[in-house]
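# Observations on the model geometry
For reference, the chains in residue letters:
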Amino acid sequence: MRVAVIGFGLMGRQIAQVFAQHGHEVKVTDESPVAVKSGLEEVAHGPYGIESAIAKAKMSREEGTMTLQRILPSSDLKDACGDADLVIEAVYELLPLKQEVFAKLESAASPSALLASNTSTLTVSKIGSKLSKKDRLLGMHFFNPAQVTKLVEIVKTSQTSKRVIQQAAKIVETIGKTPIIADDEPGFIANRLGLTLYMEASRLLEEGTAKINDIDLAMKLGYNHPMGPFELADFVGLDTRLRNLEALFQTTGDERWIPPKALREMVNQGYLGDPSRRKHSKGGYREFFKTTP
Ligand SMILES: NC(=O)c1ccc[n+]([C@@H]2O[C@H](COP(=O)([O-])OP(=O)(O)OC[C@H]3O[C@@H](n4cnc5c(N)ncnc54)[C@H](O)[C@@H]3O)[C@@H](O)[C@H]2O)c1
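On a predicted model such as this, the values are computed, not experimentally measured, just so you know. (Residues numbered from 1 in each chain as written. Predicted model: local features only at pLDDT ≥ 70, side-chain atom pairs only at ≥ 80, totals over all residues. Heavy atoms only, no water.)

What follows deals with the site of the ligand. Among the 23 residues in the neighbourhood of the ligand, the closest are listed as Leu10, Met11, Asp30, Glu93 and Lys98. Here Lys98 contributes a side-chain N or O atom positioned 2.7 Å from an oxygen atom of the ligand. Asn118 has a polar side-chain atom sitting 3.0 Å from an oxygen atom of the ligand. Look at the ligand: alone it shows 840 Å² of surface, and the protein chains cover 88% of it. Secondary-structure elements contributing two or more residues to the shell around the ligand are helix 1 (10–21), helix 6 (95–108) and strand 6 (137–142). For the shell around the ligand, the class distribution of residues is 10 nonpolar, 9 polar and 4 charged. (Near = heavy atom within 4 Å. Polar contact = N/O pair within 3.5 Å; in protein donor to acceptor, adjacent residues only side chain to side chain. Areas by Shrake-Rupley, 256 points an atom, 1.4 Å probe, with all protein chains shown as cover. Helix = DSSP H or I, 4+ residues; strand = E, 2+ residues; numbered from the N terminus. Nonpolar A, V, L, I, M, F, W, Y, C, P; charged D, E, K, R; others polar.)

What follows is the structure, given as structure tokens:
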């Protein structure tokens with residue numbers, strides 16, 4: 001299968017790597033040539049990249065080399081998508097930007113290609129509102145880091161055809177993941193649940209009911225979550241977390257998604273989460289609350 005990935009940032013590069021590892025040819029494109037260069041570097045040498053997989057004996061050197069050869073940078077949308085069977089959009093979480101990309105896909109992609117967005121919080125039918133043929137529009141929501149996270153949410157709009165959903169579910173299984181199907185409602189399944197937990201954890205902290213460590217430990221030891229809600233927010237990136245909540249609030253108008261003040265403050269001051277995952281970050285929850293009275 002030929003895959004095109006639009007937007008070669010954090011998620012685009014992970015998604016491209018996963019498909020390439022499973023034998024698919026992946027064309028990638030990004031408006032920023034720097035992102036393409038650093039993305040290829042990260043696929044090869046990043047924490048979940050090819051070299052790391054080889055070092056852990058999860059992949060042979062030959063498989064690694066072939067995986068890298070299957071990821072082909074494209075200079076424009078038409079070149080990237082023209083012969084793709086599946087297009088996955090992973091540009092910034094901004095509705096007008098995604099709408100513009102999908103409007104261009106109308107002519108850039110083959111009429112038979114599945115057109116998927118990796119959006120976390122936006123409404124898929126709005127993203128593809130300018131497409132004339134909407135039965136092939138869907139969400140394919142990968143989780144960070146996609147190389148190891150087993151879940152992919154498949155989002156069906158009221159116009160996505162059954163055939164497309166079945167096709168997408170099969171594709172997800174062929175890359176070693178488990179698909180779950182969600183309606184095109186804000187937050188789908190996983191983020192609606194995950195962000196609810198994060199918002200409640202933030203309330204506990206704001207009220208002074210409990211401290212960061214204890215809240216994280218409650219979920220790790222009491223519920224067997226691998227990370228506590230603040231650890232997970234630092235891992236995902238606090239700027240991403242803020243954008244997700246803002247998008248969810250804008251989409252629903254529901255006040256329960258208004259981002260916590262502390263989160264906004266952290267992002268404004270450059271605390272973007274785990275510095276080993278977010279370049280130039282001053283740190284995450286623990287660092288911020290250490291320096292703020
Ligand atoms: N970060 C996460 O943990 C996560 C998890 C699941 C889903 N998502 C979703 O994935 C999408 C991408 O998020 P990300 O964290 O990878 O963002 P990112 O900021 O790391 O990367 C976005 C990339 O899109 C590129 N881009 C912007 N406009 C473009 C255009 N018109 N054409 C081509 N490329 C363009 C940018 O140059 C950048 O490299 C978002 O919709 C986000 O909600 C993110």
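A word on the domain arrangement of the protein. Parsing the protein into structural domains produces domain 1 (2–183) and domain 2 (190–288). When each unit is reduced to the centre of its C-alpha atoms, the spacing between domain 1 and domain 2 is 26 Å. Taken together, the contact between domain 1 and domain 2 spans 13 residues of the former and 10 residues of the latter. Interface area for domain 1 against domain 2, summed over the two sides, is near 990 Å², with a carbon-plus-sulfur share of 53%. Taken as a group, Glu93, Thr121 and Asn144 account for 42% of the area that domain 1 buries against domain 2, more than any other trio of residues on that side. Linking domain 1 to domain 2 there are 0 salt bridges. Partitioning the side of domain 1 that touches domain 2 into residue classes produces 6 nonpolar, 5 polar and 2 charged. (Domains from an automatic or database assignment. Contact = heavy atoms within 4.5 Å. Buried area = accessible area lost by both parts, 1.4 Å probe. Salt bridge = Lys/Arg side-chain N within 4 Å of Asp/Glu carboxyl O.)

What follows deals with helix 6. Taking 1.5 Å per residue, 14 residues should reach 20 Å; helix 6 reaches 19 Å between its end C-alpha atoms and fits that length. Of all the positions in helix 6, only Lys98, Gln99, Val101, Phe102, Leu105 and Ala108 are classed as buried. Looking at the packing, one finds that the buried side of helix 6 touches strand 1 (2–6), helix 5 (77–81), strand 4 (86–89), strand 5 (114–117), helix 7 (124–127) and strand 6. (Expected span 1.5 Å × (residues − 1). Buried < 20%, exposed > 50% of the residue type's maximum accessible area, 1.4 Å probe, protein only.)

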